[in-house]
Amino acid sequence: MPLWGTASGPPAAEGEAARAPPGSSAAAGGGGVKVIRSLIPTRRRLRLDPASKLYFPYEPGKQVRSAVKIKNISKSHVAFKFQTTAPKSCFMRPPGGILAPGESIIATVFKFVEHPENNEKPLDQKCKVKFKIVSLKVKGPMEYVPELFDEQKDQVAVEQILRVVFLDAERPSPQMDKLKRQLAEAEAALEARKKPPEDNGPRIVGEGLVIDEWKERRERYLARQQIEGVDSV
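Residues numbered from 1 in each chain as written. Predicted model: local features only at pLDDT ≥ 70, side-chain atom pairs only at ≥ 80, totals over all residues. Heavy atoms only, no water.

Participant: Is there a simple way to explain the sheet that holds strand 7 (residues 104-112) in this structure?
Facilitator: Picture the strands of a sheet paired through backbone hydrogen bonds; they go either parallel or antiparallel. Strand order across the open sheet formed by 4 strands is 1-3-7-5, with antiparallel pairing between neighbours. What marks the edges here is a single partner per strand, and that holds for strand 1 (46-49) and strand 5 (90-93). Going across the sheet, the axis of each strand differs from the next one's by a mean of 25°, ignoring polarity. Across 9 bridges, the pairing between strand 3 (residues 63-72) and strand 7 is antiparallel. Looking at the pairing, Val68 lines up with Ala107 of strand 7. Running at roughly 75° to strand 3, helix 4 (residues 174-194) makes contact with strand 1, strand 3, strand 5 and strand 7 of the sheet. (Pairing = 2+ DSSP bridges. Helix = DSSP H or I, 4+ residues; strand = E, 2+ residues; numbered from the N terminus. Axes fitted to C-alpha atoms, helices over the stretch in contact; angles between N-to-C directions. Contact = heavy atoms within 4.5 Å.)

Participant: What should I look at first to understand the confidence of the model for the protein in this one?
Facilitator: Regions with low pLDDT should not have their predicted coordinates read in detail. Confidence in the prediction of the protein, expressed as mean pLDDT, is 78, and 65% of residues score 70 or more. Confidence drops under pLDDT 50 across residues 35-41; counting only partners more than four residues distant or on other chains, this segment forms 0 contacts. Taken as a whole, residues 205-210 scores under 50 in pLDDT and shows 8 contacts with residues more than four places along the chain or in a different chain. (pLDDT = per-residue confidence, 0-100.)

Participant: Just checking my understanding: could you explain the pattern of salt bridges for this structure?
Facilitator: Pairing between side chains of opposite charge can happen when their charged atoms approach one another. For the coordinates displayed, the defined rule picks out 5 salt bridges. The closest approach of N and O atoms between Arg93 and Glu187, which form a salt bridge, is 3.0 Å. Taken together, the residues Arg93 in strand 5 and Glu187 in helix 4 connect sequence positions 94 residues apart. Judged by relative accessible area, Arg93 falls into the partly exposed class, the value being 31%. For Glu187, a relative accessible area of 27% puts it in the partly exposed group. Here Lys194 ties to Glu191 by a salt bridge, and the two come within 3.8 Å at their closest N and O atoms. Here Lys194 and its partner Glu191 are both found in helix 4, 3 residues apart, which amounts to about one turn of the helix. Taking relative accessible area as the criterion, Glu191 reaches 40% and is therefore assigned partly exposed. Connected through shared salt-bridge partners, Arg65, Arg93 and Glu187 make up one network. (Salt bridge = Lys/Arg side-chain N within 4 Å of Asp/Glu carboxyl O. Buried < 20%, exposed > 50% of the residue type's maximum accessible area, 1.4 Å probe, protein only.)

Participant: How should the sheet that holds strand 8 (residues 130-138) be read in this particular structure?
Facilitator: Spatially, the 5 strands line up as an open sheet ordered 2-9-8-4-6, and their pairing is mixed. Whereas interior strands pair on both sides, the edge strands pair on one side only; in this sheet they are strand 2 (53-57) and strand 6 (96-99). Here the strands of the sheet are splayed against their neighbours by 25° on average, with no regard to which way each runs. Looking at chain direction, strand 4 (residues 77-84) and strand 6 are connected through 4 bridges and run antiparallel. If you follow Ala79 over to strand 6, its bridge partner there is Ile98. Packed on one face of the sheet, helix 4 meets strand 2 and strand 9 (157-167) and runs near 90° to strand 2.

See the structure below:
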């Protein structure tokens, strides 16, 4: 069963608007406004690359990876979240997050590839698994929690539904080359986040003593000891 679906909403017009004759102001103010709004395309908050597909190398019996670059093209902070119709065989890293205006991230998608059935040709299989990326405008930088999307359901927008496309892992192609580059970038960014922040300043030890300062004091002390030793001879 799909992880997402379409729920049947209320009639286009209710109450007086539903009973009003066609062309009346009440009817126009009910269903007419909703129809007009439904025809206006949703303004995108995110730009995806690839835009509508997730490319995976076809390796039956293995867990393979895909990648998608997500960029915030709005003027506000935006939270995003992955959804999939196959949560038991797929997962995303990160599964969601918050992007500042102009910020981008490369997300990695993991999927287990089943063996073909009925002697189907590997790349002719129709993969029914789909992924969806939803977005939510948030007020400034904050910690990402999935509950944000539950608390503000009416403000959540569907950015894109991504279709799975398998690639021949042994055959060079522009899509495979691009996938390898994006995966390498994602791994490099992950390693960079794991490293502790570099501190180029002096390290503090004891009760506020700086290592360099402590070294200088010790050298001055030893120099005085040598001078006093010479004077006492």
